[in-house]
Every structure is written in structure tokens, then in C-alpha cells.
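The residues making up each chain are set out below.
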Amino acid sequence: MLAAGAAVAVLAALPLVYLVVRAGQAGGDRVVAVLTRPRTWELAANTVLLVAAVCLGCLVLGVTTAVLVVRIRLPAPGLWWVLASLPLAIPSYITAFAWLAAWPGLNGFWPVVGVMVLACTPYVTIPVLAALRLADAGPEDVARTLGRGPVAAFATVTLPQVLPAALAGSLLVALYTLSDFGAIALLRYQALTWAVHASYTGTLDRVTAAVLALVLTAFALAMVLAERRVRRRATAGRAVVATRRADPVSLGPWATAATATGLAAVAALSLLLPPAVLASRILRAGTAPDWVDLARSAVTTLALGAVAAALVVVLAVPVGVLAARYRGRSVGVVESLAYLGHGLPGIVVGLALVFLSLGLLPALYQTAPVLVFAYAVLFLPKAVGATRAAVERVPTSVEEVSRTLGRSALGTWFAVTGRQAWPGIAAGGLLVAVTTMKELPATLMLRPIGLDTLATDLWQHTSMGAYGAAAPAALLLVLVASVPAWFLSERGRRR
Amino acid sequence: MTGDGIVLRVRGVSAGYGGRRGPLVLRDVDLDVHAGEFVSVLGVSGSGKTTLLRTVAGLHPVATGTVEMRGRDLARVAPQHRGIGLVPQEGALFGHLTVARNVGYGLRRLRGPERATRVAELLARLELDGLAGRMPHELSGGQRQRVALARALAPEPAVVLLDEPFANLDAGLRAAVRADVVATLRAAGTAAILITHDQDEAFSVSDRVAVLHEGRIVQDDEPEILYSAPATEWLARFVGAATLLRGESDGAVVDTPLGPVRHRPGRPGVVTAVVRPEQVRLGEPGVSALVVAVEFHGHARLVRLAVADGTTATARVPADAGAPRPGEATTVSVTGTVHVLRTGAGSSDRTTVGHG
């Protein structure tokens, strides 16, 4: 089991290691030269500025939304809960594309901030919603008896209880903003992801691309570590059981209507605007979409998603079982390496595998196996997490009983543990399939010539300004991507 | 219960959930708390205890009735201006603040050094010195409750409300923390209302016990009176083990299946006698009975008995006395003066004979 896990970990770490090796081969001077040139600093500053603005926006919008949904008595409370998490269904590059199709020529900092805030806010809203719902109302009651008004009591007592959840969420936002390629490139904002792609495709300057990719990775991994720390602190010692949940506040009819309108407006902007623009584009285009082309892209996308999901589940099971059942340093290392992909931007994995295939197995360059391998590295963490959680829910005592009844360890896995854990593992696989189908940057760099997915279809038409032709693929992608968001919000509500 | 020194006066309070038309949880509750008094509100879960407490604190709206503090109507006074402290279940400490900052939370009006002095004083009084810098999750259950009390006492409230603060402590710890809390409140001269479902707890520490049943106060008296003269059959069983015996009274003695029993003089007629286990004697001249079961409780034994006509009774015998065995035959009699209930009056309960 440990051997299989270790093999998976080595595979997961391979792209990053190879990227470091390639950058190193260019010589220290070249690396230092790229690192110290003003352009690199400018790109890094652009990226940091963007990440900071998006995080702040998501924090404010997400916490406000969550507080309104949980603490104000609104008509149809369940609806707002779902609406708050659904924007995850719409990939940021689709929103960017829709905005471009509506207002051609849109570009730069603020549009990117707007798109990313709308796309990423649920990463803050969902955990804060959960934390607010679970928060004990006792401290707030006490604060009222100790001289604070309702707003002051909420702000000084309950808000600090949910702040760690909000902070962890906004660090996830930072990670996704750092890694985002599609929206940033479509709206032509000069961040690191854009620069990695530009220096690779434009000038074929391998060293610059590699060094920039490593800078980007360093930022991303820092976010991953920070998020882990914040989340660990948020859960430490907070095992207090809520003795009473706070009741939602009834506002007057006007204030209630205003709150509902505000929430509905944000939901409409992030959920309704993109499909509406896409649909009107298709109608306005006049000519029928190229159905054959679209069908071919759709089938390719589905097939890649299915194959990647199958591979990822096979790789994830040994790691997930190890993580769920065994403790120890080597297990910790294996699990951490498997989670590496979580912190690797798609563009970095794409670039690394371009180098890897060209350097080691040129025959495989721009072939489907390398592309699927890239998906595996990127999305392994999702399946490992799902597998681990599913296996942890099966009590070890059940396995022990099976062993005393004459089954081997492996036999027990198939007869008992696997039987009970498979729905969770399958859900992880589904998540991987859907995420694969939306993936853009790595697919762009690694796809075989002539092979198009819905995402690359969209990309190519858009870069030629053919918004009408790109719209059908975009609409299909929205449909595909709604599946896990629906799952996620269902699970959140049931909790 | 009128007179000087009433700090808190609750009159005719009803309250419910789910807006004005929702079901009522409290119905027409009256309760007075005198200065420095320790009052318990005793009831089973779902009886409306916590709602009563939240209504007094101003955290739950009153449907009808008034809450007055020192003669001032609190209807339009927000919780933060009532001067009523609260110690909820589990303490509800602010998880993001240290012990010292928890205790100092309600002392915004004091300047830095004065606040620090007051906090230190309270921590010392509750034997929490040295824990000032700890976070709530680093405290034991008993420490947490003491911090919660220190925090409630800091702004010197006229009344402190305690919502089952000891319910989740280990049995051994519970008595010690309870004694500390009561002693602190008495020393501070602060009136308190303790919400509890534990009859022993209410009896052992309170000046007065108000029993809440299905949203109504069914009796509000000193513990001794509540125990010896409960108002209804339900109360008789709720506040302690009791054998309820129906019989015809001549005005001073009631004829029961356990023989003639003396009671305080009253009108003749059919009554129900409330016989406590300690009033039941075994092995003395009386009615013959069979020992059904014996429970050992350390300080005493409870003996379950059956009399020939099917009546059952419970007797308490000292643990050091010779223990009867199940199946043995013995004799039963009732000693002393018992409390009687006029059958039908003030009792919504079934009136058949039994024990609880």
C-alpha cells in the first residue's frame, strides 16, 4: 500500500521537479537575470495587486452575503443558500467571455477584478454560511446583557467566531486568482499566468517561461500553506457545542425587500448575465452553429473527462486509504505530495509537461496520454480528499470484525471497506471529470494538434473575435460545470 | 410576596415562538426576586424554563405581562441596558478572547487601569488568578463556568440569571463548582435566578424554588414547604419520592391502606395523603406487606413494598439498619403528620393511588 502510494506521490511531484531541474540547467546567471529584471517585478506586482483586490472584494461580498442569508428573515431561505453557492458553476473565463461578448474591447484590471470576485465569492460565502449556522448564540446573548446593542454584539462576538472560516476561504480565492489563466488572458491583464503563456507561445523563451512559472508556483504554494494553517487554527479548540442557534432578525417589509433585491442582483450578475449574453449571441449570429464541430469537441471533452477521472480514481485510492488509516511521517509525505497539484496552476503543469515530454519522451509530445497525465497531477487532490473522507467514515472496527471472520486485508477491502466507501469515491471521480472538462491552460499547451475540447474551442473562436461562434461551446460548458456546484450546495444545506 | 426589597417582579408574563399567533411556551407567569435572594426555577426540559430566563433578560419578546426591575417597567429597555447578568449553559465564553478579556468585556465604561483592577479582583474572588491569559478552550469545564460567572458579575448587575450552568459538569465537580458559585453570589449580595431540572440542586442552594410545569408556575415556595406541602399530586411526585394514598378523613386522621394516618386538621372528606418514604416505618405494628425490591443509595435504602390490596409504597431505612430482603414479609405503618390534598382540588392529575 505504501509502495503504491509512494509511486503515485512520485508521479504527482514529477512535473514540478522537472521544471526546477530545467530552470537549473539554464544556469544560475540566466535564472538570476530573469528574476531581477524589472519586467518580472512588474508582473509579480500586477499579480499581487490583482490577488489582493479580488480577495478583499470576495471577503466583503461573501461575508455580507452570508450574514444576510443566515441572520435576516427572508422569503424562501433555502433559495438564497443555493444561489450563494451556484456561481461556482460558471468558470471565470466564461464570465469574462460573456462580458467581452457584451462589451467588446473590455480589458484591464477592474474588469478582471469584477469577473474574479463574482466567480470566487462562493469560496468565502459557503464556509461563512456554515460557520454562522453552527455558531452558538450563547455568547451573543451574554454580550447583550453586558451592554452591547444587537449590531455591536454580533460584530464583537459572533463575527470573530466566523472570521477564520472567512480568512481560509479568501486564501482559496487568492490561490484560484493566482492560478487563473482564462479570464486574465481574455481580458488582457498582464499577470504571471498570462506572462508564462505569452513567453512560451510568443518567443518560445523556455527559461523565462520556466522561471516565471516557478515564481508563480512559489506564490501559490505559499497560499496553500497559509490556508492550511488558518484552517487548522480555525478548527482547533472550537469543539464547543452550540446550545442555541441565533434566530434570524425580522426587518420591516421595505428593508427585507431591499435585502432580497440586493442578493438577487448579485446572483443575477454572476449567474444569469453570462448565459443570457451567450444565448443572445447565438441568436444574433444568424447562421446556425457548426453542429458537427461542436459535437466533436463535446465528445472529446467528455472522453477526456472520463479517462482522466478513471485514472485519477485509480491513483487516488491507495493514497486516500493510506491517509485515512495510517499515521506516520512517510504517509504524511505521500499525502502532501499528492496534494501538490492543488497548489500548482494549470499553466505551470502544462509547461512542465511540455518540457518533460520533449526532454524525455519526444514521441509523446502533444499526445493524449500526456494531457491526461496533466489532468491527473492537477486534480488528484480532489479525488484523494474524497477517498480519504469516504474511507474514514467506515469504522475500523468493522474491518477488524471482517478479519476475525476469516477475510484477508485485501478481501476485507473489497467486501467491506470499498463497498461502503465507493459512493464517496465515485463523487470524487465525478468532480474530477467535470473539472477536467472545464480545464483550459494545460489543455491549450498539451493537446494533440487538431484535437479540440469545448474550452479550447471557445478560446480559439474568442481570440479571433468570433464571439457568436464561441457562444455554443460556452453554454455547454456552463451546463457541464453546474453538476458539482449543485452537489456542493446540496451537501452544504444538508449539513 | 410583596414588600420591600423586590429587585425583579415578573407579572402575568406569557411568551411564545413563531410570532404573535405561535404557540405559547410561558403562560401567565408571576415571579418575584428579592434583593440578594437565590431563586431556582425548577422544571423538566420543555417546561419553558429557558424561555422565562431569556424573557427576563430581554432576549425574548414578551407577548403579555410585565417585567419590572426596582419598580421600573423593562418593556422598552434593551438587554444591554437592563443590568441583568447571564450565565448560559456551557458558559458560552467568547472563544476568541482570553479569560481576562472575557471578564472585562462588559466593563467598557471603566478606564484601562480600573478595568484591569476589577478583572483581577473578580478572577481572584473566583480563584482563577493565573488563568487570565488562557484561551477558553484551554480551560476545564468548572473553570469555564467560573469565568462565565466572573464575566456576568463584572458590571455589578442587580440580578444574575444562571441557565443550567452545572448540568454538563461531572457529578463530583458539580457540587464543588455550585458551592463556589453560590458563595460568590451571596458574598456579592447579588440576587440570582437558577434554571435547573435537578430537584436536589434546586433544594440544596435556593431560598425559594418556583416549579414551572408546561409554561405555568405551579408552586413558588421555600424548599422545605415545597417538599412537605406540595400543591398538587404532580408536584408531590416531582419534588421527591412519594406514596400517594387516598382515603376518607375525619378532619384529623385519614384512613389509608397503610392504616390510619394523622394530618393537619381540616375539613372531613376524601383526601389524598402525601407520604414521604422517611415517614414509612417497617417492622412496627401495622399493616402486613411484602418487600418487592430494595435499592441501596449509600446513605439509605429505599424499600419497595406491596400491601395485600395491591397498594404499593416506598420506605426509606437507614443504610446501617438491618436490610430486609425481597420476598420477605414485614409490617408497615406511617409515622408523623402527613400533608393531604383535597381530592379534585388543585389537582389535574390522575387520583389513583400509587407512588412516584
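A brief look at the structure comes next. Only a predicted model underlies this, so the values are computations on that prediction, with no experimental measurement involved.

## What to know about the overall build of chain A
Logical step 1: Counting secondary structure elements, chain A contains 22 helices and zero strands.
Logical step 2: Against the globule reference of 23 Å for 495 residues, chain A gives a C-alpha radius of gyration of 24 Å, in line with a compact fold.
Logical step 3: Projecting the C-alpha coordinates of chain A onto the three principal axes gives extents of approximately 70 × 70 × 50 Å.
Logical step 4: Here chain A holds 495 residues, and the buried ones make up 49% of them.
Logical step 5: The contacts in chain A between residues at least 6 apart in sequence include a share of 84% that link residues at least 24 apart.

## Describing the overall build of chain B
Logical step 1: In terms of regular secondary structure, chain B is built from eight helices and 20 strands.
Logical step 2: Classification of the 356 residues of chain B by burial places 42% in the buried group.
Logical step 3: Counting only contacts in chain B whose residues sit at least 6 apart along the sequence, the fraction spanning at least 24 positions is 66%.

## A look at the sheet that holds strand β16 (residues 300–307) of chain B
All names here are of chain B.
Logical step 1: Within the open sheet, the four strands sit side by side as β17-β16-β15-β18. Their pairing is antiparallel. Looking along the sheet, the strands with just one partner apiece sit at the ends: β17 (312–318) and β18 (329–334). Sheet twist, expressed as the mean angle between neighbouring strand axes with direction ignored, is 55 degrees.
Logical step 2: Where strand β15 (residues 280–296) and β16 come together, seven bridges link them in antiparallel fashion. Residue pairing for β16: Phe296 is matched across the bridge by Arg301.

## Some remarks on the sheet that holds strand β5 (residues 72–73) of chain B
Residue and element names in this part refer to chain B.
Logical step 1: One open sheet holds the four strands; their spatial order is β2-β1-β4-β5, and the pairing between them is antiparallel. Looking at which strands have only one partner, the edges of the open sheet turn out to be β2 (24–34) and β5.
Logical step 2: Inspection of the sheet shows strand β4 (residues 64–69) paired to β5 by two bridges, in the antiparallel sense. Along β5, the bridge assignment pairs Met69 with Arg72.

## A short note on the interface of chain B and chain A
Logical step 1: Contacts between chain B and chain A engage 21 residues on the former and 20 residues on the latter.
Logical step 2: For the side of chain B that touches chain A, the element with the highest residue contribution is strand β6 (residues 84–87) of chain B, accounting for three residues.
Logical step 3: For the side of chain B that touches chain A, the per-class residue count stands at twelve nonpolar, seven polar and two charged.

## Re the pairing of strand β19 (residues 337–342) of chain B
Residues and elements named next belong to chain B.
Logical step 1: Strand direction decides the pairing type here: strand β13 (residues 259–263) and β19, joined by two bridges, are parallel. Counterpart to His263 in the pairing with β19 is Val338.
Logical step 2: Alignment of strand β14 (residues 269–275) against β19, held across four bridges, turns out to be antiparallel. Opposite Val274, over in β19, you have His339 as the bridge partner.

## Some words on the packing of helix α5 (residues 92–102) of chain A against helix α6 (residues 109–120) of chain A
Residues and elements named next belong to chain A.
Logical step 1: Orientation of α5 relative to α6, taken along the N-to-C sense of each, is 135 degrees, at an axis distance of 9 Å. The angle between α5 and α6 falls in the class oblique. Our pair here, α5 against α6, has a crossing hand that is right-handed. Facing α5, whose interface residues are Ser92, Thr95, Ala96 and Trp99, α6 presents Pro111, Val115, Met116, Leu118 and Ala119.

## A few points about unusual backbone geometry
Logical step 1: For Arg188(A), which is not a glycine, the phi torsion comes out positive at approximately 45 degrees.
Logical step 2: By the secondary structure assignment, Arg188(A) is in the loop between α10 (182–186) and α11 (192–201).
Logical step 3: Judged by C-beta crowding, with 13 C-beta atoms within 10 Å, Arg188(A) ranks as partly exposed.
Logical step 4: In this model, Glu156(B) sits at a positive phi of 55 degrees, which is unusual for a non-glycine residue.
Logical step 5: If you trace the backbone, Glu156(B) turns up in the loop between α4 (141–153) and β7 (159–163).

## Notes on the nonpolar core
The nonpolar side chains of a soluble globular protein tend to be buried with one another.
Logical step 1: Counting residues in hydrophobic clusters, the biggest one holds 157 residues, and the most contacted among them are Phe97(A), Ala213(A), Val312(A), Ala338(A), Leu351(A), Ala374(A) and Leu380(A).
Logical step 2: Taken domain by domain, the makeup of this core includes at least three residues from each of domain 1 (37–237) and domain 2 (285–494) of chain A.
Logical step 3: Not counting residues within four places of it along the chain, the set of residues in contact with Val312(A) comprises Ala376(A), Phe379(A), Leu380(A), Ala383(A), Gly429(A) and Val432(A).
Logical step 4: Leu8(B), Leu93(B), Ala236(B) and Val338(B) belong to the second-largest nonpolar core, a separate cluster that totals 99 residues.

Reading the values: rules and limits
Residues numbered from 1 in each chain as written. Chains lettered and ligands numbered in written order. Predicted model: local features only at pLDDT ≥ 70, side-chain atom pairs only at ≥ 80, totals over all residues. Helix = DSSP H or I, 4+ residues; strand = E, 2+ residues; numbered from the N terminus. Rg over C-alpha atoms; globule rule 2.2 N^0.38 Å. Buried ≥ 20, exposed ≤ 12 C-beta atoms within 10 Å, placed from the backbone. Contact = placed C-beta atoms within 7 Å. Pairing = 2+ DSSP bridges. Axes fitted to C-alpha atoms, helices over the stretch in contact; angles between N-to-C directions. Nonpolar A, V, L, I, M, F, W, Y, C, P; charged D, E, K, R; others polar. Parallel < 35°, antiparallel > 145°, perpendicular 65-115°, else oblique. Left-handed = near helix turned anticlockwise from the far one by under 90°. Core = buried A, V, L, I, M, F, W, Y, C linked by C-beta atoms within 7 Å. Domains from an automatic or database assignment.

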